Amino acid sequence: MTAARTAFLGILPKRFAERWLENHAPAAWNNDALAKLEKQAHQWVITPADTEGYEKAEVTAGGVDTAELSSKTMECLNVKGLFFIGEVVDITGHLGGFNFQWAWASGAAAGRAL
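Residues numbered from 1 in each chain as written. Predicted model: local features only at pLDDT ≥ 70, side-chain atom pairs only at ≥ 80, totals over all residues. Heavy atoms only, no water.

Caption draft 1: Region of the structure containing the overall build of the protein. In terms of regular secondary structure, the protein is built from four helices and zero strands. Reading the helices (α) and strands (β) of the protein from amino to carboxyl end gives α-α-α-α. Against the 2.2 N^0.38 benchmark of 13 Å for 114 residues, the protein shows a C-alpha radius of gyration of 19 Å, more extended than a compact globule. Once the C-alpha set of the protein is aligned to its principal axes, its extents read approximately 50 × 35 × 20 Å. Counting every position in the protein, which comprises 114 residues, the buried fraction comes to 18%. In the protein, the share of contacts with a sequence separation of at least 24, taken over all contacts with a separation of at least 6, comes to 47%. On the protein, roughly 8700 Å² of surface is accessible, and the fraction owed to carbon and sulfur atoms is 56%. Here the protein carries 10 positive and 13 negative side-chain charges, and the mean point of each set is 5 Å from the other. (Helix = DSSP H or I, 4+ residues; strand = E, 2+ residues; numbered from the N terminus. Rg over C-alpha atoms; globule rule 2.2 N^0.38 Å. Buried < 20%, exposed > 50% of the residue type's maximum accessible area, 1.4 Å probe, protein only. Contact = heavy atoms within 4.5 Å. Areas by Shrake-Rupley, 256 points an atom, 1.4 Å probe, with all protein chains shown as cover. Lys, Arg positive; Asp, Glu negative; His and termini not counted. Charge placed at Lys NZ, Arg CZ, Asp CG, Glu CD.)

Here it is, written out as structure tokens:
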């Protein structure tokens, strides 16, 4: 368990890593069980329970560097077939709909490229 905790702490926040291992501890400590643990972590899906609506929607800064993307298709220049859109890209706009517009426009560009 210590080795697994150390590995998870190397890539995840401490409290998250500890809770993950509490809830997903392998039944055995063999290669198959550890491979299953890794697969669970990589395929974990978060489904939001609710939102606070457009009135509370805000933007975060940072994300995928625009220099790494095609400005016409939003496709990653280094990994063909990988697209990034919306606020996952390092684009920041003022509150008031600018970020929603960017999300829709970048999504449309990527969609047309597919």
